[in-house]
Amino acid sequence: IFIYCQFVKNSDILQNNANLLFDLKIDGYLAANISSIALLNDEVGGVTVTIQDEGLDSRDPALTKGSTVRLNGKQAEIFVRYRDITKAQTAIGRMDRQKQYMEAYLKQVKEEARTDKTLITRLVKDIEEHMVTNMAKDQYMDMGLAVLNSQQQIGQGDFLTVPGEAVETECFDEYHPDKEALKKMVVELFYKEVK
């Protein structure tokens with residue numbers, strides 16, 4: 001499970017959301033810094049996406065709405081990071097682009113891995129100095145191989161967003177989780193009924 005977090009500076013909101021997963025134990029984590037996007041993207045020869053949002057062309061003229069682009073490393077970082085700070089709640093649109101990119105990336109990785117059995121090793125080697133984890137190398141290598149060898153296609157429906165409400169305040173765009181809906185999601189994902 002990948003957990004994407006965007007922090008806000010409002011201490012009340014941080015305090016209220018300090019335990020979003022209701023004491024669910026996280027056995028392992030792996031986080032990579034932003035510089036890994038370009039490395040991972042270029043290792044698979046780029047990722048093809050259709051630009052659905054306006055404004056990205058202000059950062060790169062090739063990223064015009066409606067264009068289909070095979071992203072290079074720098075473009076991939078722009079695609080997943082860009083948000084228009086002059087408009088409210090553009091972080092939500094950015095998360096939609098991140099889902100779009102992950103779906104396309106995983107498809108590209110699987111295609112490349114069919115003919116290149118060393119791909120997962122190279123991907124891990126590329127980002128090892130850019131990541132932190134509490135897992136042993138064989139654990140995250142096994143996880144990567146499981147994804148590559150899976151027959152399941154990963155689509156946007158496989159990426160979940162914490163249920164809640166986007167709120168614009170005087171200083172910040174904030175996202176307020178719906179705790180009851182989130183609790184239901186956590187129970188459905190991580191628990192099973194004992195009979």
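Relevant structure appears above.
Please read these numbers as outputs of a predicted model, since none were measured by experiment.

Considering the layout of surface pockets
Looking at the second largest pocket, its volume works out to about 260 Å³. Lining the second largest pocket are 13 residues, and of these Lys110, Ala113, Arg114, Leu148 and Asn149 sit closest to its centre. Sorting the residues of the lining of the second largest pocket by element identifies helix H4 (90-115), helix H5 (119-127) and helix H6 (137-149) as the ones contributing at least two each. When the residues that make up the lining of the second largest pocket are grouped by side-chain class, the tally is 5 nonpolar, 4 polar and 4 charged.

Some points on the packing of aromatic side chains
In total, this model carries 2 aromatic pairs according to the counting rule given. Ring centres of Phe79 and Tyr101 lie 6.5 Å apart, and the angle between their planes is 50°; this geometry places the pair in the tilted category. Placement of the pair is Phe79 in helix H3 (residues 73-81) and Tyr101 in helix H4, with a sequence separation of 22 residues. Taken together, a centroid distance of 5.9 Å and an interplanar angle of 25° make the contact between Tyr101 and Tyr105 stacked. In this pair, Tyr101 and Tyr105 are both assigned in helix H4, 4 residues apart and thus about one turn of the helix distant. Comparing Tyr101 with Tyr105 shows no difference in burial state: the two are buried. Taken together, the ring pairs in this structure connect Phe79, Tyr101 and Tyr105 into an aromatic cluster.

Concerning the packing of helix H2 (residues 36-43) against H3
The N-to-C vectors of H2 and H3 enclose an angle of 125°; their axes lie 8 Å apart at closest approach. Relative to H3, the element H2 is oriented oblique. Once H2 is placed against H3, the crossing between them reads as right-handed. Facing H2, whose interface residues are Ile37, Ala38, Asn41 and Asp42, H3 presents Gly73, Lys74, Ala76, Glu77 and Val80. Its residues assigned to classes, the contact of H2 with H3 comprises 4 nonpolar, 2 polar and 3 charged.

Reading the values: rules and limits
- Residues numbered from 1 in each chain as written.
- Predicted model: local features only at pLDDT ≥ 70, side-chain atom pairs only at ≥ 80, totals over all residues.
- Heavy atoms only, no water.
- 1 Å grid on protein atoms, 1.4 Å probe; cavity = no way out; pocket = protein on both sides within 12 Å on 5 of 7 lines; lining within 4 Å.
- Points joined across faces, edges and corners; volume = space filled by probe spheres on them.
- Helix = DSSP H or I, 4+ residues; strand = E, 2+ residues; numbered from the N terminus.
- Nonpolar A, V, L, I, M, F, W, Y, C, P; charged D, E, K, R; others polar.
- Phe/Tyr/Trp six-rings, centres within 6.5 Å; stacked < 30°, edge-to-face > 60°.
- Buried < 20%, exposed > 50% of the residue type's maximum accessible area, 1.4 Å probe, protein only.
- Axes fitted to C-alpha atoms, helices over the stretch in contact; angles between N-to-C directions.
- Parallel < 35°, antiparallel > 145°, perpendicular 65-115°, else oblique.
- Left-handed = near helix turned anticlockwise from the far one by under 90°.
- Contact = heavy atoms within 4.5 Å.

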